[in-house]
Amino acid sequence: QVQLVESGGGLVQAGDSLRLSCTASGGTLSSYVMGWFRQGPGKERDFVATITLSGGDTYYADPVKGRFTVSRDNAKNTIYLQMSSLTPEDTAVYYCAAAFPPGLHTIIITPKAYDYWGQGTQVTVSS
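Residue numbers restart at each chain and count upward from 1, following the sequence in its written direction. In view of the model being predicted, local features appear only for residues whose pLDDT reaches at least 70, and side-chain atom pairs are presented and counted only at 80 or more, with totals across whole chains, interfaces and linings using the full set of residues. Side-chain measures here rest on the full set of heavy atoms in the structure, leaving out hydrogens and waters.

### Section: the nonpolar core
Nonpolar side chains in soluble globular proteins tend to end up buried together.
Here comes step 1: Each nonpolar core is a collection of buried residues, namely Ala, Val, Leu, Ile, Met, Phe, Trp, Tyr and Cys, held together in the definition by side-chain atoms within 4.5 Å. Only protein chains enter the calculation, and the probe is 1.4 Å; a residue is then buried if its accessible area is under 20% of its type maximum, exposed if over 50%, and partly exposed in between. Counting residues in each nonpolar core, the largest one holds 29 residues, and the members touching the most others are Leu4, Met34, Trp36, Leu81, Met83 and Tyr94.
Here comes step 2: The numbering of helices and of strands both runs from the N terminus, where a helix is a DSSP run of H or I of at least 4 residues and a strand a run of E of at least 2. If you list the elements that add at least two residues to this core, you get strand S3 (18-25), strand S4 (33-39), strand S5 (45-51), strand S7 (68-73), strand S8 (78-83), strand S9 (92-99) and strand S11 (121-126).
Here comes step 3: Note on definitions: a residue-residue contact is assigned when non-hydrogen atoms from the two residues lie within 4.5 Å. Among residues more than four places away in sequence, those in contact with Leu81 are Leu18, Arg19, Leu20, Trp36, Val48, Ala49, Phe68, Thr69, Val70 and Tyr94.
Here comes step 4: One finds Ala61, Ala97, Ile108 and Tyr114 within the second-largest nonpolar core, a separate group that totals eight residues.

### Some points on unusual backbone geometry
Here comes step 1: Located in the positive-phi region is Asn77, a residue other than glycine, with phi close to 55°.
Here comes step 2: Overall, the relative accessible area of 16% leaves Asn77 in the buried class.
Here comes step 3: Its identity as a non-glycine residue notwithstanding, Ser85 has a phi of 50°, on the positive side.
Here comes step 4: Checked against the element boundaries, Ser85 lands in the loop between S8 and S9.
Here comes step 5: According to the relative accessible area criterion, Ser85 is partly exposed, its value standing at 42%.

### Section: the state of the cysteines
Here comes step 1: Cysteine sulfur pairs qualify as disulfides if the two atoms are within 2.5 Å. In total, this model carries one disulfide according to the counting rule given.
Here comes step 2: With a sulfur-sulfur separation of 1.9 Å, Cys22 is cross-linked through a disulfide to Cys96. Every disulfide takes its handedness from the sign of the S-S torsion; for Cys22 and Cys96 that torsion is 55°, giving right-handed. One end of the pair, Cys22, is in strand S3; the other, Cys96, is in strand S9, with 74 residues separating them in the sequence. Judged on exposure class, the residue Cys22 and its partner Cys96 are both buried.

### Observations concerning the sheet that holds strand S1 (residues 3-7)
Here comes step 1: Pairing between strands is defined by DSSP: at least two bridges between them are needed. Here four strands make up an open sheet; going across it, the order is S1-S3-S8-S7 and the pairing antiparallel. Each edge of the sheet is formed by a strand with only one pairing partner; in this case those strands are S1 and S7. On average, adjacent strands in this sheet sit at an angle of 15° to one another, irrespective of strand direction.
Here comes step 2: The pairing of S3 with S8 spans six bridges and is classified as antiparallel. From the neighbouring strand, Thr23 faces S8, where its bridge partner is Thr78. Note on geometry: axes are C-alpha line fits, over the in-contact stretch for helices, and angles between N-to-C directions span 0 to 180 degrees.

### Details of the packing of aromatic side chains
Here comes step 1: Between 30 and 60 degrees the pair is tilted, below 30 it is stacked and above 60 it is edge-to-face, where a pair is any two Phe, Tyr or Trp rings, Trp via its six-membered ring, whose centres lie within 6.5 Å. Under the defined criterion, the tally for this structure stands at eight aromatic pairs.
Here comes step 2: Summarising the aromatic geometry, the rings of Phe37 and Trp117 are spaced 5.0 Å apart at their centres and angled 55° between planes, so their arrangement reads as tilted. Residue Phe37 is found in strand S4, and its partner Trp117 is found in strand S10 (residues 116-117); the two are separated by 80 residues along the sequence.
Here comes step 3: The exposure class of Trp117 is partly exposed, given its relative accessible area of 26%.
Here comes step 4: Here the aromatic residues Phe37, Phe47, Tyr59, Tyr114 and Trp117 are joined through ring pairs into a cluster of three or more.
Here comes step 5: One Lys or Arg, Arg45, reaches over the ring of Tyr95 and ends 3.7 Å from the middle of that ring. Only when the NZ of Lys or the CZ of Arg is both within 6 Å of the ring centre and within 35 degrees of the ring normal is a charge said to sit over the ring.

Right under this line is the structure:
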């Protein structure tokens, strides 16, 4: 199985940028569909972004389109979430997740479909 560790969270001001990382051990991320999710205080865990095996296809939740970018670096066995123009609505614990894909170009946005999860990293955006 794969173990996932997120990093890069912190406290920033509205309008700032931040890059989150998710590094795998016990497996190679290139074999999995990868996703980013977030859970704000008192809220449900919501889909943020996903990327296919090859990294050629991505999909984003509407609130982050145009501001967030998910990418893969297979050499480092790592995925990233580059976040720009942050607002207090982006405050949440951010989680990365990995799923066994049924196909080469599979996109997965449902949390229950993911097999492995990291412990999360806190992002706090002040106004």
